[in-house]
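As a plain string of letters, each chain reads:
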Amino acid sequence: MQVVWYDPFRELDRFHRASAAWMPMDAVRRGDAVDLRFDLPGVAPDSIDVDIERNVLTVKAERHWTPAEGDQVLARERTQGTFTRQVLLGDALDADRLEATYDHGVLTVHVPVAEQAKPRKVQIHVGTPQAQAEALDVASA
C-alpha cells in the first residue's frame, strides 16, 4: 500500500508561479537618470538582448539547464527557456543614450533624462506683454 500526499492548492501555486513575471524589475530615478534593474539569476551574459524601438525597451534573456546523463532529477522548479519584458520609456527619457550593465545576476539599464525634460529657470520679464513688444520695436529701430 502506498500513501500519496494530496495538496489541493499545489496546482494553484504552480499556475501562479507560471503566470508571475519571471523578470522582476525595480525602477529608480537618481538625479538626471532612471535606472531599471532586472533580476536575471543564472542567465549567461551572452544570452541577454536589450533593444529599444519607438521608446519601448525590450529585454530578452534565456536560461537553460540540461541534467547530465545519468542524473536523476528530484525536483525541477527553476523556470527555463526564453523570457521577455517590455517597458515603455516616456518622452522625458533619452532612449538614444541608454547604457546596460550586467553584474551578479542583475541587469541595470541606465537611461538619462532628456535635456528638454530637465528642470530649468524661466526668465521673468517686468511689464505687460504689450509694453515689452513696444520696447523691442524701439530697440530694433
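Look up: the structure comes first, before these words.
Notes on the structure in this doc start here. Treat the numbers as computed from the prediction; the structure is a model and nothing was measured.

### Observations regarding the nonpolar core
Counting 20 residues, the largest nonpolar core has Leu36, Phe38, Leu40, Leu57 and Leu89 as the members making the most contacts within it. Counting residues per element, the ones that place at least two in this core are strand S2 (33-39), strand S4 (56-63), strand S5 (81-88) and strand S7 (106-112). The contacts of Phe38, once residues within four sequence positions are left out, are Met23, Pro24, Met25, Leu57, Val59, Arg85, Val87, Gly105, Val106, Leu107 and Val109.

### Quick look at the sheet that holds S4
Judged by pairing direction, the sheet is antiparallel, and its 3 strands sit side by side in the order S3-S4-S5 without closing on themselves. Strand pairing shows two members of the sheet lacking a second neighbour, strand S3 (49-53) and S5, which therefore form its edges. Put simply, the sheet's adjacent strands are angled 15 degrees from each other on average, direction ignored. Pairing of S3 with S4 involves 5 bridges; the strand directions are antiparallel. Bridging from a neighbouring strand, Val50 pairs with Val59 of S4.

The rules behind each value
- Residues numbered from 1 in each chain as written.
- Predicted model: local features only at pLDDT ≥ 70, side-chain atom pairs only at ≥ 80, totals over all residues.
- Heavy atoms only, no water.
- Core = buried A, V, L, I, M, F, W, Y, C linked by side-chain atoms within 4.5 Å.
- Buried < 20%, exposed > 50% of the residue type's maximum accessible area, 1.4 Å probe, protein only.
- Helix = DSSP H or I, 4+ residues; strand = E, 2+ residues; numbered from the N terminus.
- Contact = heavy atoms within 4.5 Å.
- Pairing = 2+ DSSP bridges.
- Axes fitted to C-alpha atoms, helices over the stretch in contact; angles between N-to-C directions.

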